[in-house]
Amino acid sequence: MDTRMASIGDAAALTRVLRDIIDHTGRERPSDDAFVIRQYLANPASIRCTVALDAAGEIIGFQSLIRAKAGNRYDVPEGWGIIGTHISPRAHRQGGGSALFRSSREAAEQAGLERIDACIATGNASGLRYYEAMGFRTYRESTGIVQKLYGVRPVRLIHLCQAAMMSDHSPACRVGTAANGLSTTG
Ligand SMILES: CC(C)(COP(=O)(O)OP(=O)(O)OC[C@H]1O[C@@H](n2cnc3c(N)ncnc32)[C@H](O)[C@@H]1OP(=O)(O)O)[C@@H](O)C(=O)NCCC(=O)NCCS
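Quantities reported herein were computed from a predicted structural model and do not represent experimental measurements.

A closer look at the sheet that holds strand β4 (residues 81-87)
Strands belonging to one sheet form pairs held by backbone hydrogen bonds; the direction of such a pair is parallel or antiparallel. With mixed pairing, the seven strands of this open sheet are ordered in space as β1-β2-β3-β4-β5-β7-β6. Each edge of the open sheet is held by one strand with a lone partner, namely β1 (2-5) and β6 (137-142). The sheet shows a mean angle of 25° between the axes of neighbouring strands, direction not considered. Two strands pair when backbone bridges link them, and β4 and strand β5 (residues 115-121) are joined in this way by three bridges, in the parallel orientation. By the bridge assignment for β5, isoleucine 83 is matched with alanine 118. Sitting on the sheet, helix α1 (residues 11-25) touches β3 (59-67) and β4, and the angle it makes with β3 is about 100°. Each of β4, β5 and β7 (145-151) touches helix α4 (residues 125-133); the most contacted strand, β5, lies at about 160° to it.

Considerations on unusual backbone geometry
Positive phi, normally seen in glycine, also occurs at aspartate 75, with a value near 60°. Structurally, the position occupied by aspartate 75 is in the loop between β3 and β4. With 18 C-beta atoms counted inside 10 Å, the residue aspartate 75 sits in the partly exposed group. At arginine 93, a position not held by glycine, the phi torsion is positive, near 60°. We classify arginine 93 as exposed; it has 9 C-beta atoms within 10 Å.

Quick notes on the pairing of β6
By the bridge criterion, five bridges tie β6 to β7 in an arrangement that is antiparallel. Paired with glutamate 141 across the strands is valine 146, a residue of β7. Hairpin remark: β6 followed by β7, antiparallel, with two residues in the connecting loop; positive phi at glycine 144, about 80°.

Some details on the site of the ligand
Of all residues adjacent to the ligand, which total 18 residues, the nearest are Gly97, Ser126, Gly127, Arg129 and Ala133. Taken together, the elements giving at least two residues each to the shell around the ligand come down to β4, α3 (96-110) and α4. Here the shell around the ligand gets five residues from one element, more than from any other, and that element is α4. Tallied by class, residues from the shell around the ligand come to five nonpolar, eleven polar and two charged. Both domain 1 (1-113) and domain 2 (118-186) contribute no fewer than three residues apiece to the shell around the ligand.

Cut-offs used in this document
Residues numbered from 1 in each chain as written. Predicted model: local features only at pLDDT ≥ 70, side-chain atom pairs only at ≥ 80, totals over all residues. Pairing = 2+ DSSP bridges. Helix = DSSP H or I, 4+ residues; strand = E, 2+ residues; numbered from the N terminus. Axes fitted to C-alpha atoms, helices over the stretch in contact; angles between N-to-C directions. Contact = placed C-beta atoms within 7 Å. Buried ≥ 20, exposed ≤ 12 C-beta atoms within 10 Å, placed from the backbone. Near = placed C-beta within 6 Å. Nonpolar A, V, L, I, M, F, W, Y, C, P; charged D, E, K, R; others polar. Domains from an automatic or database assignment.

See below:
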């Protein structure tokens, strides 16, 4: 599937993707053009926002990668990447999410990011499976939320967990299976 970097002119198409997902899942979330521009297309913390295109060149999904700021909502350590993926239900399991992650991973390397966090609702089975398939592993769980971690460069996962727990007061750190260069042993 083709991808390209998103631009401001894509706002309406990204909003449609979010609304398609809401219609499909019933999970409410902000989904208007102003939100899309603020959060994804003109966010000063953005590293890259990539769109995926179907055979007709229509946008069927997007992925945003931003740099975590201090005091962010999910307590992601400052300087890590935060990733979000949104594919219209009409295009699921067609490789769009995988193509988007190739672009985001490249952007992460170019930006010198070492770690990327993905926040997923506990009940979102496809989101959990997708990020696992991309090489993310669970490092933190709290009420209703699973946080998965991707090491852009080979790093020891146990060290990443320790770093995360230093900024985290309660949730457990679960070490996953080694992948993408992450090691489960200290
Ligand atoms: C999760 C999501 C991003 C996956 O996107 P996608 O374009 O369907 O993903 P891909 O087709 O590239 O799938 C890549 C791999 O992820 C895994 N995967 C994706 N969806 C899956 C599902 N529903 N069940 C099991 N595995 C799944 C598979 O290993 C898949 O490889 P395969 O198809 O060769 O088996 C998409 O379903 C989506 O946008 N959902 C709504 C929003 C969301 O949940 N975002 C992520 C969490 S916040």
